[in-house]
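Chain residues, written in single-letter form:
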Amino acid sequence: MSVSYENDQKQLEARIADLKSQLATEKDIVLNTKHFLDLVRRYTDIQELDAEIIREFVEKIIVYKAERVDSHRVQKIKIIWNCIGEFQTSTSHQ
């Protein structure tokens with residue numbers, strides 16, 4: 001019975017550690033999202049896009065090699081946003 005109790009205890013401790021890690025990750029996501037939304041609210045009426053605004057919103061832009069698709073030149077780009085990372089929309093293509 002003591003061995004069973006110790007095994008249960010170890011499993012519960014491992015689960016607690018896992019849940020704490022997940023909670024910390026979720027807190028970071030919420031804080032980053034809040035910061036991003038604050039940026040968006042600050043720039044709700046952008047008249048002209050300039051380098052400063054882009055630096056605040058964009059962490060990096062990845063430009064892929066151009067390809068020919070149905071006789072059209074297609075070039076995929078990926079935007080990694082500050083605070084929220086890559087954001088996929090329903091119209092985004094892989």
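A quick note: this is a predicted structure, and the numbers were derived from the prediction, not measured.

Engineer: Can you explain the packing of aromatic side chains? Please cite residues and give values.
Structural biologist: Across all of its chains, the model carries three aromatic pairs by this definition. Each ring, one from F36 and one from F57, has its centre 5.8 Å from the other, and the planes form 90°; the classification is edge-to-face. Linking F36 in helix α1 (residues 2-42) with F57 in helix α2 (residues 51-57), this pair joins segments that are 21 residues apart in sequence. Take F36: its relative accessible area is 13%, and that puts it in the buried class. Assessed through its relative accessible area of 11%, F57 is described here as buried. Cluster of aromatic residues (ring-pair linked, three or more members): F36, Y43, F57 and W81. K76 extends its terminal NZ or CZ atom over the ring of Y64, reaching a point 4.8 Å from the ring centre.

Engineer: Requested: an account of the sheet that holds strand β4 (residues 77-81), with residues and values cited.
Structural biologist: Judged by pairing direction, the sheet is antiparallel, and its three strands sit side by side in the order β1-β4-β5 without closing on themselves. Two strands bound the open sheet, and with one partner strand each, they are β1 (58-63) and β5 (85-86).

What counts, and at which threshold
Residues numbered from 1 in each chain as written. Predicted model: local features only at pLDDT ≥ 70, side-chain atom pairs only at ≥ 80, totals over all residues. Heavy atoms only, no water. Phe/Tyr/Trp six-rings, centres within 6.5 Å; stacked < 30°, edge-to-face > 60°. Helix = DSSP H or I, 4+ residues; strand = E, 2+ residues; numbered from the N terminus. Buried < 20%, exposed > 50% of the residue type's maximum accessible area, 1.4 Å probe, protein only. Lys NZ or Arg CZ within 6 Å of the ring centre and 35° of its normal. Pairing = 2+ DSSP bridges.

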